[in-house]
Amino acid sequence: MNWFTKAFTSSLGRKWVMSLSGLFMCLFLVVHVSGNFQLFKDDAGFAFNSYSVFMIHNPIIKTISYLLYATILIHIIQSLVLTLQNRAARPQGYVHNKPEKSSTWSSRNMGILGSILLVFLVIHFADFWAEYKFGEVKYKNYYTIKYEGENHIFYGKDSAESYYKMYNAESIFIEKLKRKGIDLTNREMMQKLQAENPGLMQQLQMEFTTFSSTYIGPEPIKTEAVKDLYMEVKLAFQQPWYVIFYLISLLALSYHLVHGFQSAWQSIGVHHRKYVPIIKAIGWFFSIAIPAGFAAMPIYFLLDYMKNDGVLDWTRFF
Ligand code: HEM
């Protein structure tokens, strides 16, 4: 039997496969949660949508993604086989052994926790991954405009144009008046001028309206049409049951990681007295920080929706 067959058929080999696939998925979670932090940027989803384009189309990331899908499947299959094998080999008196005394709750419930995560992943893939690849996610147009040496990104040409009107056209108009000796920011001067000519402000207002309607700002330096995955995420997390489902799944992920992270290192042979406390500490931190980072996303969108007077729809599940 070569090492490859052994890895998938011997009990020890299976544990190695479970551990390595689990640790690879942990690495994925770090990348996924860090990338998703772009959701918190107040830029109408530009950073997140651009990041999604990169993640989905970059050939290296694409290859890693296929490896990830295979890893998820292998992890699930191996866990099922190991559970069945352990059950068959379990001594009759096990029930009376009081396992709760010799093991933790999460280690005894890895199967249940894993099953919750599997349901979560199926729904998660259907709603975001498949929707992006095969669904009808709308495109959003982003315009990049250089203004005062800085790039400003807008979605929709209208908002780009109104930005000109608000900032560019207005500041140019103010400069023009200054050159004519009228400083709108100088209160004393304006009061004096108005006393001499009571219709001055009305006249300036009219001049500004004419000026801004004919004022054409610089053309966008870049125009991009990007699938608006940000909006998909935002809309999904406006549904309270959906958010609750995510939070329950993330709690399951946390418990799954509490046991999984530590036991993975143990299975691949890292159980030296010196390293065990360090792995335990990192494991605890990881198991709390990663699910908490993910949980912040549905909570953020739901609170944002409620803050903007959105009505919670408790009749819809997904
Ligand atoms: C709660 C916050 C989360 C959000 C907002 C989110 C969002 C997304 C989105 C938009 C995609 C599709 C586009 C892409 O590949 O980037 C995706 C893919 C994926 N997500 Fe999540 N996700 C979250 C949590 C999770 C969790 C907790 C897991 C695992 C337990 C997970 C596992 C995956 C996997 C495996 C993919 C496919 C990746 C690929 O195709 O390479 N996600 N997620």
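What counts and what doesn't
Residues numbered from 1 in each chain as written. Predicted model: local features only at pLDDT ≥ 70, side-chain atom pairs only at ≥ 80, totals over all residues. Near = placed C-beta within 6 Å. Helix = DSSP H or I, 4+ residues; strand = E, 2+ residues; numbered from the N terminus. Nonpolar A, V, L, I, M, F, W, Y, C, P; charged D, E, K, R; others polar. Axes fitted to C-alpha atoms, helices over the stretch in contact; angles between N-to-C directions. Parallel < 35°, antiparallel > 145°, perpendicular 65-115°, else oblique. Left-handed = near helix turned anticlockwise from the far one by under 90°. Contact = placed C-beta atoms within 7 Å. Core = buried A, V, L, I, M, F, W, Y, C linked by C-beta atoms within 7 Å. Buried ≥ 20, exposed ≤ 12 C-beta atoms within 10 Å, placed from the backbone.

S.K.: Can you walk me through the site of the ligand in this structure?
M.R.: For the ligand, the set of nearby residues contains 19 residues, the closest of which are S65, F128, W129, F294 and M297. Every element with two or more residues in the shell around the ligand is listed here: α2 (11-36), α3 (46-57), α4 (59-89), α7 (110-134), α11 (229-236), α12 (240-267) and α13 (276-307). Per-element tally for the shell around the ligand: the top contributor is α7, with 5 residues. Tallied by class, residues from the shell around the ligand come to 14 nonpolar, 5 polar and no charged.

S.K.: Explanation requested: the packing of α2 against α4 in the structure shown.
M.R.: The geometry of α2 relative to α4 is characterised by a closest axis approach of 9 Å and an angle of 140° between their N-to-C directions. One way to sum up the angle between α2 and α4 is to call them oblique. Two packed elements cross with a definite hand, and for α2 against α4 that hand is left-handed. Contacts between α2 and α4 involve S11, R14, V17, M18, S21, G22, F24, M25 and F28 from the first element and L68, T71, I72, I74, H75, Q78, S79, V81, L82 and Q85 from the second. Split into classes, the residues belonging to the contact of α2 with α4 amount to 10 nonpolar, 8 polar and 1 charged.

S.K.: Which parts of the structure should I look at to understand the nonpolar core?
M.R.: Most often, soluble globular proteins keep nonpolar side chains buried together rather than apart. Core analysis: the largest hydrophobic core is formed by 18 residues, its most contacted members being F237 and L257. Counting residues per element, this core draws most heavily on α12, at 11 residues. If we skip the residues at most four places from it in the chain, L257 touches F286, S287 and I290. Residues Y143, I145, F154 and Y155 belong to the second largest nonpolar core, which totals 6 residues.

S.K.: Where do I start with the environment of F301 in this structure?
M.R.: Along the chain, the position of F301 falls in helix α13. Along the chain, F301 and Q238 lie 63 residues apart, while their C-alpha atoms are 6.4 Å from each other. Contact partners of F301, with chain neighbours within four places excluded, come to K234, F237 and Q238.

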